[in-house]
Amino acid sequence: MANETLNKTLNYETEIWNIADYVRDVISRADYNKVVLPFALLRRLECALEPTRDAVVNAVKEHEADWGRENDNYCQISGKAFYNVTGFRLNNLGATDTYNALDAYISGFSPNAREIMLKFEMENTCKKLHDNNMLYEVCNRFAALPLDSETVSDRDMSNIYEHLIQRYGDEIAEDAEDFMTPKDVVRLAVGMVFANDDELMNSDSGVVRTLYDPTCGTGGFITDALDQLDEWHENRKMTAPAIIVPYGEELSPVTWAMGKANLLIRNVSGGDKDVYDQTKDMSAHIVNGDTLSADAFEGMTFNYSLSNPPYGKKWEKEQSDVMEETKLGFKGRFGAGVPSINDGSMLFLQNVISKMSPVEEGGGKAGIVLSASPLFNGDAGSGASH
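Please read these numbers as outputs of a predicted model, since none were measured by experiment. (Residues numbered from 1 in each chain as written. Predicted model: local features only at pLDDT ≥ 70, side-chain atom pairs only at ≥ 80, totals over all residues. Heavy atoms only, no water.)

Engineer: Just checking my understanding: could you explain the overall build of the protein for this structure?
Structural biologist: Each helix and strand in the protein was counted, giving 18 helices and 5 strands. Sequence-distant contacts in the protein: of pairs separated by 6 or more residues, those separated by 24 or more amount to 78%. Surface summary for the protein: the accessible area is close to 18100 Å², and the carbon and sulfur share equals 49%. (Helix = DSSP H or I, 4+ residues; strand = E, 2+ residues; numbered from the N terminus. Contact = heavy atoms within 4.5 Å. Areas by Shrake-Rupley, 256 points an atom, 1.4 Å probe, with all protein chains shown as cover.)

Laid out in structure tokens, this is it:
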């Protein structure tokens, strides 16, 4: 069974990359992520919505005057954490005005899905494809991929998407300090943070835990944490196993879109999940923003924190906001002071510590991957070593 799953995953990845190869004369390799990732997501979303598509379209006709075209009530009809109010699909956009039809199709998605598509900056890429008479073919090639949940499980789809994300790692990274954390490092860090938490692994009383990643990137720590929890609970026939609610912040719009997309499509399979589980948006608390200058979760603490901040990253553009917060002392996030402007690692470390739940609320556990700079920068009694 494992080999069958692996072969299926590799075949899907090959088919998707064949589409990337098809557009190579028009779209640069650095922009492949603006084709492959959003279209793979779009196809997964439309496959998930297919069983209830007509019901949602009919609901729009009946209730648009009261609900508008954006309303969570449509999620109850779609049975998912997202919906689309149009009758479009990738295979019925038409050959003559594909670009405008695709734009209308994407505009018809719920805000959580549409926001991801927009961050991929698809507009210019799709316009290039349309002007070169390739957009219609790209849409139909993706439409031919059976990405429904009966054919491709949530786990398999996550593996496919993570593989595509990893393959783009070099193109995504703009600076030397930006890179994807190796999967074995991610799994080790997650395992260490979860170690000996018997309630998380074994309780059947609906325990809810929170997990925070202030530099979540494409969501590697979060998805692995959710995967490990699923692995522990698999085949145990629990009634109310512990769940994790993920929170994260990421600065790069495209990287954020990748991570948010991977969480949005996580629960599209029905399986034995109830309606609440199927309509729960796992990506709801994944925010596009700058952790150092604008804390997206001000005043909140978390049961677990995991992070791999950028190494050696200057923080001069966040300097004004950081220095303002240092005036709060330990009531803020940077009570221990600030490091050299050339390396913000110590700031990220302090942020993680400040987000750990206090002892009276059960305490928090954190894992952070850093270079050794926060430990040895500065002479004794000065700098980060002070």
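Engineer: Would you mind showing me how to read helix H3 (residues 53-67) here?
Structural biologist: Working note: α-helix, 3.6 residues per turn, so residues spaced by three or four point in the same direction. Taking 1.5 Å as the rise per residue, H3 with 15 residues should run 21 Å; its terminal C-alpha atoms sit only 17 Å apart, a clear shortfall. The axis of H3 is deflected most strongly, by about 50 degrees, at lysine 61. Along H3, the residues classified as buried are Arg53, Val56, Val57, Ala59 and Val60. Next to the buried residues of H3 lie helix H2 (36-49), helix H4 (73-78) and helix H5 (98-107). Looking one or two residues beyond H3, the residue adopting positive phi is glycine 68, at roughly 75 degrees. (Expected span 1.5 Å × (residues − 1). Bend = angle between axes of the 7 residues up to and from the residue. Buried < 20%, exposed > 50% of the residue type's maximum accessible area, 1.4 Å probe, protein only.)

Engineer: How should I be thinking about the packing of helix H6 (residues 111-119) against helix H14 (residues 253-264) in this particular structure?
Structural biologist: When two helices pack together, their arrangement is given by the angle between their axes and by how far apart the axes lie. One can describe the packing of H6 onto H14 by two numbers: an axis separation of 8 Å at closest approach and a directional angle of 145 degrees. As H6 runs across H14, the sense of the crossing is left-handed. Facing Asn112, Ala113, Glu115, Ile116 and Lys119 of H6, the residues of H14 in contact are Pro253, Val254, Trp256, Ala257, Lys260, Ala261 and Leu264. Class assignment for the residues of the contact of H6 with H14 results in 8 nonpolar, 1 polar and 3 charged. (Axes fitted to C-alpha atoms, helices over the stretch in contact; angles between N-to-C directions. Left-handed = near helix turned anticlockwise from the far one by under 90°. Nonpolar A, V, L, I, M, F, W, Y, C, P; charged D, E, K, R; others polar.)

Engineer: Would you take a moment to explain the packing of aromatic side chains for this structure?
Structural biologist: Here the distance between the centres and the angle between the planes together describe a pair of aromatic rings. Under the criterion given, the structure shown has 13 aromatic pairs. Judged by centre distance (4.7 Å) and plane angle (10 degrees), the ring pair of tyrosine 212 and phenylalanine 302 falls under stacked. With tyrosine 212 in strand E1 (residues 208-213) and phenylalanine 302 in the loop between strand E3 (286-288) and strand E4 (304-307), this pair connects stretches of sequence that are 90 residues apart. In terms of burial, tyrosine 212 and phenylalanine 302 fall into one category: buried. (Phe/Tyr/Trp six-rings, centres within 6.5 Å; stacked < 30°, edge-to-face > 60°.)

Engineer: Just to check I follow, could you spell out the pattern of salt bridges for this structure?
Structural biologist: Proximity of charged atoms lets side chains of opposite charge pair with each other. Applying the stated rule across the entire model yields 20 salt bridges. For glutamate 46, the salt bridge goes to arginine 43, with nearest N and O atoms at 2.7 Å. Of the two residues, glutamate 46 and arginine 43 are both situated in helix H2; the distance of 3 residues between them amounts to about one turn of the helix. Take arginine 43: its relative accessible area is 13%, and that puts it in the buried class. Note that aspartate 54 and arginine 89 form a salt bridge whose closest N and O atoms lie 4.0 Å from each other. With a gap of 35 residues between them, aspartate 54 in helix H3 and arginine 89 in the loop between H4 and H5 connect regions that are remote in the sequence. Given the relative accessible area of 53%, aspartate 54 is considered exposed. Several salt bridges converge on common partners, so that one network encompasses Asp31, Lys34 and Glu121. (Salt bridge = Lys/Arg side-chain N within 4 Å of Asp/Glu carboxyl O.)

Engineer: Please clarify how the sheet that holds E1 should be interpreted in this entry.
Structural biologist: Strand pairing in a sheet relies on backbone hydrogen bonds, with the paired strands running either antiparallel or parallel. Taken together, the 5 strands give an open sheet; going across it, the order is E3-E2-E1-E4-E5, and neighbouring strands pair in parallel fashion. A strand with exactly one partner marks an edge of an open sheet, and here the two such strands are E3 and strand E5 (365-368). On average, each strand axis in the sheet is tilted by 15 degrees relative to the strand beside it, whichever way the strands run. With 4 bridges joining them, E4 and E5 adopt parallel strand pairing. What sits directly across from tyrosine 304, in E5, is lysine 365. Strands in contact with helix H11 (residues 183-194) are strand E2 (243-250), E4 and E5; relative to E4, the strand with the most contacts, it is inclined by about 160 degrees. Docked against the sheet, H14 engages E2 and E3, running at close to 165 degrees with respect to E3. (Pairing = 2+ DSSP bridges.)

Engineer: Explanation requested: the pairing of E2 in the structure shown.
Structural biologist: Of all 8 residues making up E2, 6 are buried, and the element is well covered by its neighbours. After leaving E1, the chain enters helix H13 (residues 220-233) and then returns to the sheet as E2, a path that is right-handed. Across 3 bridges, E2 lies against E3 in parallel orientation. Residue pairing in the sheet places glutamate 250 in a bridge with asparagine 288 of E3. (Right-handed = clockwise from strand over helix to strand, strands pointing away.)

Engineer: Where do I start with the packing of H5 against helix H7 (residues 122-131) in this structure?
Structural biologist: The contact between H5 and H7 brings their axes to 10 Å, and the two run at 150 degrees. It follows from the interaxial angle that H5 and H7 lie roughly antiparallel. Crossing handedness for the pair H5 and H7: right-handed. In this structure, H5 uses Thr98, Tyr99, Leu102 and Ile106 to contact H7, whose residues at the interface are Met122, Glu123, Cys126, Lys127 and His130. Its residues placed into classes, the contact of H5 with H7 shows 5 nonpolar, 2 polar and 2 charged. (Parallel < 35°, antiparallel > 145°, perpendicular 65-115°, else oblique.)

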